[in-house]
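So the chains spell out like this:
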2 protein chains.
Amino acid sequence: MSDEIYLNQVPPQSEAELLQRCQIIAGQTLGQLAAQLNIVVPADLRRHKGWVGSLLEKILGADAGNHAEPDFTGLGIELKTLPLAANGSPKESTYVCTVSLTETGELRWQDCWLRRKLAKVLWLPVEADNTIPLAERYVGEGFLWQPDPEQVALLKQDWEELMDALVLSGQAGLSARQGQVLQIRPKAANSRVLAQAIADDGSFIQQNPRGFYLRSEFTAQILQANKACRLAD
Amino acid sequence: MSDEIYLNQVPPQSEAELLQRCQIIAGQTLGQLAAQLNIVVPADLRRHKGWVGSLLEKILGADAGNHAEPDFTGLGIELKTLPLAANGSPKESTYVCTVSLTETGELRWQDCWLRRKLAKVLWLPVEADNTIPLAERYVGEGFLWQPDPEQVALLKQDWEELMDALVLSGQAGLSARQGQVLQIRPKAANSRVLAQAIADDGSFIQQNPRGFYLRSEFTAQILQANKACRLAD
DNA sequence: ACGGATCCAATGGTGGATCCCG
DNA sequence: CGGGATCCACCATTGGATCCGT
């Protein structure tokens, strides 16, 4: 009962309060959390792919809506769910943000959206083994993360390589195989969706929208580092 | 029955075909036309202000949807309903297009959206006396119009005056009283809606969206000229 | 009478991600 | 396995205009 005082969609006022809320929901199922907000749990995620992320935003009081801001506006913190396979490692890559197809050449790492998005992330592990019914999946312990210097270097290197490839060869020269920790993949309702882009010759063309994703190998390292850190306490 | 062959939402292939369709619907009521498309007629227009225009677009096979194109893409023709008061003259001003608040200074008459929108218009008179139930209002005879040199001069003069006023004084310096045949008025869901604009100093600010409207005195002249023209046949 | 305010439907884009076939 | 394809909710914008108080 008193738990729900913290779960009423009011933004947390501090990092401490946000982490406290994470402690409260850790060990609860998605079904229990959805019930607190009178939200119906879909049978599966096939037609509701972002459902878990949206639910946990509401539960934790994220307030940015669909704006180009961190989920927790006041704290500058981005929320990311981390879907865990049966073996406890990340099951999927993590979507970060869309790739601008109109300002590819003009942007530098220091100013880019991806860097700002990943500046401070609250990772929230959630069971994602499809043999477990959605409502019965447990939420793990959320933790704050900021990229360490080595991770920053990796991200910067990949970002610059990928953006260079975009400028030099356009979308044709891009494959999701490029990048050690980062990759570029389609991000749209379907492959018929087109966004405005700029061709080699400077003219406007239409291309499939793309997004930056963190490879699951990278998020697996983040997860492991956090566990090690907590054991050391 | 055979009439409905022409009313199946396929775009007309020529001006002649479009005008033929207008002949077919002239003298029918909005209720009759709506019934052909299985569309329910609202009680009144208070909460359905664009309903008549949308219905007639569907009936005539306009295909541009909500794009920045003429309603009849292939023919380069814009459809405008002309609401008639009990005395047969236009009851309202006619909305043309939105006023760009970000490129006010850069644009010339030759390139402006308003000029392109008004290059070729199919006017479709419709009874709009509120004492007549919506479903019982008659559609009149549609006619094609292109501004004659005098009308072009008037539109150009007003457009330039209004755009100059916008650049010089911003929205504060603008009144719907300016312009002989054209005026600028709010165009939004309500007065709390804001759009991006550029201030005097070049910075970005928020302003109420505005639209260009043809004064009803102007559309009355267009209507009269068409009647005179048809009597002369 | 008309200048300022308002209303709906449909679409496109963004943010949330997972699906699924070779 | 993982690269390419896809899915929903929500919000802002656009296109269709008419309402209504002074």
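On a predicted model such as this, the values are computed, not experimentally measured, just so you know.

> Can you walk me through the protein's contact with DNA strand D in this structure?
Around DNA strand D, 43 residues are found, and the nearest of them are R47, K49 and Q183 of chain A together with K187 and Y213 of chain B. Atoms of DNA strand D within 4 Å of the protein: sugar and phosphate make up 58%, bases the balance. Separating a phosphate oxygen of DNA strand D from a side-chain N or O atom of Q183 of chain A is a distance of 2.5 Å. Contact between DNA strand D and S191 of chain A: a phosphate oxygen at 2.8 Å from a side-chain N or O atom of the residue. Mapped onto the surface near DNA strand D, the elements with two or more residues apiece are β5 (182-186) of chain A together with α3 (51-60), β1 (78-84), α4 (113-117) and β5 (182-186) of chain B. For the surface near DNA strand D, the leading source of residues is β1 of chain B, giving four residues.

> Any chance you could explain the sheet that holds strand β3 (residues 121-127) of chain B here in plain terms?
What holds strands together in a sheet is hydrogen bonding between their backbones, with the strands either parallel or antiparallel. Residue and element names in this part refer to chain B. Read across the open sheet, the three strands follow the order β1-β3-β4; overall the sheet is mixed. Looking at which strands have only one partner, the edges of the open sheet turn out to be β1 and β4 (143-145). Adjacent strand axes in the sheet meet at a mean angle of 35 degrees, parallel and antiparallel pairs treated alike. Two strands pair when backbone bridges link them, and β3 and β4 are joined in this way by three bridges, in the antiparallel orientation.

> Please explain the packing of aromatic side chains as it appears in this structure.
Geometrically, a pair of aromatic rings is defined through the distance of the ring centres and the angle of the planes. Inspection of every chain in the model, using the stated rule, returns eight aromatic pairs over all chains. Following the ring pairs from residue to residue traces out a cluster consisting of W123, W145 and F218 of chain A. A cation over a ring is seen here: R185 of chain A above Y213 of chain A, with NZ or CZ 4.1 Å from the ring centre. Taking NZ or CZ as reference, K187 of chain B lies 4.9 Å from the ring centre of Y95 of chain B, over its face.

> When you look at the packing of helix α1 (residues 15-25) of chain A against helix α3 (residues 51-60) of chain A in this model, what are you seeing that I'm missing?
Relative placement of two packed helices is described by the angle separating their axes and the distance separating the axes. Residue and element names in this part refer to chain A. α3 packs onto α1 with a crossing angle of 120 degrees between their chain directions and a minimal axis gap of 10 Å. Comparing their axes, α3 and α1 come out oblique. In this structure, α1 meets α3 at a crossing whose hand is right-handed. Only L56, I59 and L60 of α3 make contact with α1, whose side of the interface consists of L18, R21, C22 and I25. For the contact of α1 with α3, the residue count by class is six nonpolar, no polar and one charged.

> Whenever I open this one, the sheet that holds strand β3 (residues 121-127) of chain A confuses me. Can you help?
Residue and element names in this part refer to chain A. If you walk across this open sheet you meet the three strands as β1-β3-β4, and the pairing is mixed. Across the chains shown, the open sheet's two edge strands, defined by having one partner strand only, are β1 (78-84) and β4 (143-145). The average angle at which neighbouring strand axes cross in this sheet is 35 degrees, direction not considered. In this sheet, β3 lies alongside β1 in parallel orientation, the contact comprising seven bridges.

Cut-offs and rules
- Residues numbered from 1 in each chain as written.
- Chains lettered and ligands numbered in written order.
- Predicted model: local features only at pLDDT ≥ 70, side-chain atom pairs only at ≥ 80, totals over all residues.
- Heavy atoms only, no water.
- Near = heavy atom within 4 Å.
- Polar contact = N/O pair within 3.5 Å; in protein donor to acceptor, adjacent residues only side chain to side chain.
- Helix = DSSP H or I, 4+ residues; strand = E, 2+ residues; numbered from the N terminus.
- Pairing = 2+ DSSP bridges.
- Axes fitted to C-alpha atoms, helices over the stretch in contact; angles between N-to-C directions.
- Phe/Tyr/Trp six-rings, centres within 6.5 Å; stacked < 30°, edge-to-face > 60°.
- Lys NZ or Arg CZ within 6 Å of the ring centre and 35° of its normal.
- Parallel < 35°, antiparallel > 145°, perpendicular 65-115°, else oblique.
- Left-handed = near helix turned anticlockwise from the far one by under 90°.
- Contact = heavy atoms within 4.5 Å.
- Nonpolar A, V, L, I, M, F, W, Y, C, P; charged D, E, K, R; others polar.

Geometric descriptors of this kind do not, in isolation, establish any biological role.
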